[in-house]
Amino acid sequence: MDSRRQVSSSAVRAASPGRVEFIGNHVDYNGGRVLGAALNLGITATAIPRTDGRLTISSRGSPAIYEGIPGDNEPQSGQLSWVNYPLGIMAVLAEAGYVLSRGLDLSFTSDLPSGAGLSSSAAIELATMEVLAVLEGFELSRTEKVLLAQRAENTFVGVPCGILDQAVSCFGKEDHLVCIDCAETTFDTVPLPPGLHFWIFNTNCKHSLVDSLYARRHAECREALKWLRKEDPGLGYLVEAGREALHSLNRDPDIRRRAEHVIEENSRVSACMEALERGALDTVGDLLFASHASSRDLFENSTPELDALVEILEEYRGSGVVGARLTGGGFGGAVMALTTDAFTRDLADKVVAVYGERHSKAPTPGFLHVVTGEGTRLLD
């Protein structure tokens, strides 16, 4: 049912952060626990009511402007494909009974670099949700916003993502990680030891089939669960299976490797939370590097460029690097390095220089220094 507070008659602005997946690669849609960090960079949405019932969506970073009518929105392609994120939010809100009562101009600005795997899509979704909830007076909890945003990406955009990106953008907290229990749909925050930083190294390489490969891994995990349920019908999620159960997947080595990664990665998340609580940064680093090795060897969603960056960053463990791993869906994109204050821009430049010496034919990576930030919020 459409439940509303008093609606707003003036412009509404909201900010939603990008996120970095800390550890828990491809565990979210398999019912595990994941750690992510909201960043101090993100997306700002501004919604201005219109009296003519029309809808426009624009971005400072795109010359194309979408024009339509709220509630009559078909998925877009080409230059306008990015508007599927806010359109998807409007679609799932309407399905849930939260129908827009008027037109609006919806615009976005961003300080997130494109293509770095920091989930600008989830930030757009949550910023859109926030301004529409205020503009229309919708009563929505943060959990409802997360679930609706995930549904928009799954059904309207067509990406079979888990809940990580939307949850971290929504529940982020400065100097903390967000822990998502994806089976229970619960959220918590985990304090980070002081003095830690994130460096994002973007390979500027992306597999041409990244969307289909992501979908294939999703399907392989479903297939693994289906086979494991033949021996254990009560198995709810893939992460609940023990390593001893993997023998039933021996007929398909690829499926077994995917399941092995998911089960071990879920265990690494728990171990990482314990290490963070103890301030055991060496252990945290070991777990981050082990996570990347598992993504490379078992889940096979890494690339030579990502592997090379992680290998070089491991050589700088004595110079402020705590740990490093690919972040996000994989098949290209970026590496996250967790560092102490000792790791500086000069050292980041050296990492890129070494990479260039060893991989002269690859594009030069870009890098970005970020820290944790607050989750989705209204702006004055």
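Another point: the packing of aromatic side chains. Geometry of an aromatic ring pair is reported as the spacing of the ring centres plus the angle between the planes. Tallying each qualifying case throughout the model produces eight aromatic pairs. Every member of this aromatic cluster is reached through a ring pair, and the members are Trp 199, Phe 201, Phe 343 and Phe 367.

With that settled, consider helix H1 (residues 84-95). With 12 residues, H1 should reach 16 Å at 1.5 Å per residue; the first-to-last C-alpha distance of 16 Å fits that figure. Most of H1 is tucked away, with nine of its 12 residues classed as buried. Among the residues of H1, those classed as buried are Asn 84, Tyr 85, Pro 86, Leu 87, Gly 88, Ile 89, Met 90, Val 92 and Leu 93. Buried residues along H1 sit against strand E3 (55-59), strand E4 (62-68), strand E5 (103-110), helix H2 (120-136) and helix H3 (142-157). Positive backbone phi, at 95°, marks Gly 97, one or two positions downstream of H1.

Moving on, we come to the packing of helix H5 (residues 210-231) against helix H6 (residues 253-278). At a minimum axis distance of 9 Å, the contact between H5 and H6 shows a crossing angle of 90°. The angle between H5 and H6 falls in the class roughly perpendicular. Each of Arg 217, Glu 220, Cys 221, Glu 223 and Ala 224 in H5 lies in contact with H6, whose residues at this interface are Ile 255, Arg 258, Ala 259 and Val 262.

With that settled, consider the side chain of Thr 56. Note on placement: Thr 56 falls in strand E3. Setting aside residues up to four positions removed in sequence, Thr 56 forms contacts with Arg 50, Ile 65, Tyr 66, Glu 67, Leu 104, Asp 105 and Leu 106.

At their nearest, the axes of H2 and H3 sit 10 Å apart, and the two run at 125° to each other. On the basis of their axis angle, the class for H2 and H3 is oblique. Of the two possible hands of crossing, H2 and H3 adopt the one that is right-handed. Where H2 abuts H3, its residues Ser 121, Glu 125, Leu 126, Met 129, Glu 130 and Ala 133 lie against Lys 145, Leu 148, Ala 149 and Glu 153. Looking at the contact of H2 with H3 residue by residue, the classes come out as five nonpolar, one polar and four charged.

On to the pairing of E5. Note that strand E2 (residues 33-50) and E5 share eight bridges and pair antiparallel. By the bridge assignment, Arg 50 is partnered in E5 with Gly 103. Summarising the sheet, E3 and E5 pair through five bridges and their orientation is parallel. Counterpart to Thr 56 in the pairing with E5 is Asp 105.

Strand residues, when the strand is regular, have side chains that alternate between the two faces of the sheet. Counting buried positions along strand E1 (residues 12-23) yields 11 of 12 residues, so the element is predominantly enclosed. Across 10 bridges, E1 lies against E2 in antiparallel orientation. Note on E2: the bridge partner recorded for Pro 17 is Gly 42.

This next bit is on the nonpolar core. In this structure, Phe 22, Leu 35, Ile 57 and Phe 198 are the most contacted members of the largest nonpolar core, which totals 100 residues. Ile 57 has contacts with Ala 64, Ile 65, Tyr 66, Trp 82, Val 83, Pro 86, Leu 87, Met 90, Leu 106 and Phe 108, leaving out every residue within four places of it along the chain. Core analysis: the next-biggest nonpolar cluster, separate from the first, contains 23 residues, Val 310, Ala 324, Val 351 and Val 352 among them.

The rules we used
Residues numbered from 1 in each chain as written. Predicted model: local features only at pLDDT ≥ 70, side-chain atom pairs only at ≥ 80, totals over all residues. Heavy atoms only, no water. Phe/Tyr/Trp six-rings, centres within 6.5 Å; stacked < 30°, edge-to-face > 60°. Helix = DSSP H or I, 4+ residues; strand = E, 2+ residues; numbered from the N terminus. Expected span 1.5 Å × (residues − 1). Buried < 20%, exposed > 50% of the residue type's maximum accessible area, 1.4 Å probe, protein only. Contact = heavy atoms within 4.5 Å. Axes fitted to C-alpha atoms, helices over the stretch in contact; angles between N-to-C directions. Parallel < 35°, antiparallel > 145°, perpendicular 65-115°, else oblique. Left-handed = near helix turned anticlockwise from the far one by under 90°. Nonpolar A, V, L, I, M, F, W, Y, C, P; charged D, E, K, R; others polar. Pairing = 2+ DSSP bridges. Core = buried A, V, L, I, M, F, W, Y, C linked by side-chain atoms within 4.5 Å.

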